[in-house]
Amino acid sequence: MASYSDLANRPVLTQPVYEAGRPIEVVAREFGLNPADVIKLASNENPLGPSPLGLAAARKALDTCHLYPDGGCTFLREKLARKWSMEPGNFVIGNGSNEVMILLAQAFLRPGDEVVFGAQAFIVYKLATMLFGAKPVEVPMPGFRHDLAALRAAVTPKTRILFLASPNNPTGGTDDPADILALAASLPEDVIFCLDEAYTEYLEASADLRPLMMSGRKVVLSRTFSKAYGLAGLRVGYLMGSTEVCSLLNRVRQPFNVNLPALAAAEAALDDEEFVHRTRQVNAEGIVQLSAGLKKLGFAFIEGKANFLATQVPQAEEAFLKLQKAGVIVRPLRGYGMTGWLRLTVGTAEQNARLLTELAKL
Ligand SMILES: Cc1ncc(COP(=O)(O)O)c(C=O)c1O
């Protein structure tokens with residue numbers, strides 16, 4: 001009798017599974033800790049909590065959760081259009097920006113296609129590529145930084161998408177906006193350039209892809225409400241691109257892919273400039289605090305401005321375990337080919353101090 005595996009689509013059989021940051025409750029139960037004493041610095045979440053405006057809107061929206069959400073995400077797309085001086089038709093809203101990348105892959109990739117990205121780039125590019133039977137082309141990252149010339153050189157007639165995140169997760173490195181624009185402009189007209197700006201709110205400047213987009217080049221960008229807006233648990237992100245690419249992706253996505261409180265929260269959070277400002281400030285201070293602490297401990301780390309730092313610690317896997325026992329969850333980077341490295345999300349000053357104290361005990 002045929003097994004389910006015999007019947008499954010071939011790429012599903014070799015599809016890697018995404019390894020998420022370990023949840024507080026799970027770690028607390030495993031190590032016999034009080035969940036209130038555990039801190040999670042493993043998934044680059046916002047240590048200040050959710051945007052207060054977003055949270056209030058989500059709570060209010062729950063009163064009408066017997067109704068389906070607006071499948072067209074009308075108001076959020078209108079608001080984004082105003083923010084970006086674009087049209088609502090230039091946006092696709094996803095269940096996290098993760099989803100818009102999968103939609104892109106689903107709409108454009110077929111077996112035999114190639115997708116180019118850095119060897120230590122965000123893992124979802126590889127997952128999206130493999131899921132549709134396309135071939136990941138992983139370009140070496142010397143010193144764990146993107147080599148934009150090498151990315152460009154890896155493009156062949158088979159390349160369909162090139163993914164680049166700035167800052168990149170998990171390394172934290174950032175590329176110069178002018179270099180990013182030059183790369184985007186240099187690509188063949190049948191290669192889609194996807195710039196992932198999940199952490200761009202933490203930077204002073206980011207690349208403005210709109211002129212290229214409007215001139216008909218195949219460039220899209222993705223952003224998220226999970227980081228600077230503090231709405232990771234609600235799952236909202238978006239893609240900005242030409243009206244043509246957005247209309248194709250809208251055919252692929254589920255009718256109600258973004259839920260009601262999430263949609264309301266994202267709409268409200270877009271106005272929460274005060275919260276984003278405070279987030280950036282606390283993060284910048286946290287980067288200084290963690291960098292100084294790591295230097296003092298003699299741990300190498302990759303300098304960056306996102307809300308996390310990748311650091312090299314002795315016996316990283318054991319350290320990951322010891323930190324959990326002490327109620328501090330971080331992320332080991334072995335899965336990214338960075339054995340010996342941990343990724344530390346920047347927390348509040350108090351959380352950072354606790355993390356450094358525990359790291360010192362290693
Ligand atoms: C570089 C990068 N892109 C995209 C995402 C996906 O975020 P979300 O699906 O929560 O929008 C993440 C999440 O950690 C990320 O690090």
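Cut-offs and rules
- Within each chain, residues carry numbers counting from 1 in the order of the written sequence.
- Since the coordinates come from a predicted model, pLDDT governs what is reported: local features require at least 70, and pairs of side-chain atoms require 80 or more to be given and counted, while whole-chain, interface and lining totals use all residues.
- Values shown for side chains rest on all heavy atoms present in the structure; no hydrogens or waters enter the calculation.
- The classification of residues rests on relative accessible area computed with a 1.4 Å probe and restricted to protein chains. Under 20% of the type maximum is buried, over 50% is exposed, and intermediate values are partly exposed.
- For helices the rule is a DSSP run of H or I covering at least 4 residues; for strands it is a run of E covering at least 2, with both sets numbered from the N terminus onward.
- Pairing between strands requires that DSSP locate at least two bridges from one strand to the other.
- Take a side-chain nitrogen of Lys or Arg and a carboxyl oxygen of Asp or Glu: if they are within 4 Å of each other, that pair is a salt bridge.
- Remark: nonpolar core denotes a set of buried residues (Ala, Val, Leu, Ile, Met, Phe, Trp, Tyr, Cys) joined through side-chain atoms within 4.5 Å.
- Contacts are assigned to residue pairs with any non-hydrogen atoms lying within 4.5 Å of each other.
- Convention adopted: a line fitted to C-alpha atoms gives each axis, helices being fitted over their contacting stretch, and angles between N-to-C directions are expressed from 0 to 180 degrees.
- A domain assignment, automatic or from a database, supplies the domain bounds used here.
- Here the quantity called buried area is the accessible surface, traced with a 1.4 Å probe, that two parts lose on coming together, added over both.
- Lys, Arg, Asp and Glu make up the charged group, whereas Ala, Val, Leu, Ile, Met, Phe, Trp, Tyr, Cys and Pro make up the nonpolar group; the residues left over, Gly among them, are polar.

Asks: How would you summarise the pairing of strand 7 (residues 219-224) if you had to cite specific residues and measurements?
Replies: Within strand 7, six of the six residues are buried, which leaves it mostly tucked inside the rest of the structure. Of the strand pairs in this sheet, strand 6 (residues 192-196) and strand 7 are connected by four bridges, and their pairing is parallel. Looking across to strand 7, one finds that L195 is bridged to L221. Note that strand 7 and strand 8 (residues 237-240) share four bridges and pair antiparallel. Residue pairing in the sheet places L221 in a bridge with M240 of strand 8.

Asks: How would you summarise the pattern of salt bridges if you had to cite specific residues and measurements?
Replies: Summed over all chains, the structure comprises 14 salt bridges. With its nearest N and O atoms 2.9 Å apart, the salt bridge here joins K40 to E45. With a relative accessible area of 22%, K40 lands in the partly exposed category. In this structure, the salt-bridge partner of E189 is K218, at a minimum N-O distance of 3.5 Å. Of this pair, E189 sits in the loop between helix 9 (177-186) and strand 6 while K218 sits in the loop between helix 10 (210-214) and strand 7, placing them 29 residues apart in sequence.

Asks: So what's going on with the nonpolar core? Which residues, and what values?
Replies: In this structure, L76, L162, L164, F193, L209 and F225 are the most contacted members of the largest nonpolar core, which totals 51 residues. With five residues, helix 12 (residues 260-269) is the single largest residue contributor to this core. In contact with L76, not counting residues within four places along its chain, are I93, F225, V236, L263, A266, E267 and L270. Core analysis: the next-biggest nonpolar cluster, separate from the first, contains 32 residues, I161, A165, C246 and W341 among them.

Asks: Can you explain the sheet that holds strand 9 (residues 308-312)? Please cite residues and give values.
Replies: If you trace the three strands from one edge of the open sheet to the other, you get 9-12-11, paired in antiparallel fashion. Each edge of the open sheet carries a strand with a single partner, namely strand 9 and strand 11 (331-332). Two strands pair when backbone bridges link them, and strand 9 and strand 12 (residues 341-345) are joined in this way by five bridges, in the antiparallel orientation. Following the sheet pairing, T311 is matched in strand 12 by L342. Each of strand 9 and strand 12 touches helix 13 (residues 273-297); the most contacted strand, strand 9, lies at about 5° to it.

Asks: Tell me what's going on with the domain arrangement of the chain, and back it up with residues and numbers.
Replies: Taken as a whole, the chain is organised into domain 1 (4-49 + 273-361) and domain 2 (52-269). Computed over C-alpha atoms, the centres of domain 1 and domain 2 are 23 Å apart. Listed by partner, the interface residues are 29 residues for domain 1 and 30 residues for domain 2. Of the roughly 2,700 Å² buried between domain 1 and domain 2 on both sides combined, carbon and sulfur atoms contribute 63%. Inspection of the domain 1/domain 2 interface yields one salt bridge. Among the salt bridges present, the one from K305 reaches E204, with a minimum N-O distance of 3.5 Å. Broken down by secondary-structure element, the contributors of at least two residues to the side of domain 1 that touches domain 2 are helix 13, strand 9 and strand 12. Residue contributions to the side of domain 1 that touches domain 2 peak at five residues, all from helix 13. Residues belonging to the side of domain 1 that touches domain 2 are distributed by class as follows: 13 nonpolar, eleven polar and five charged.

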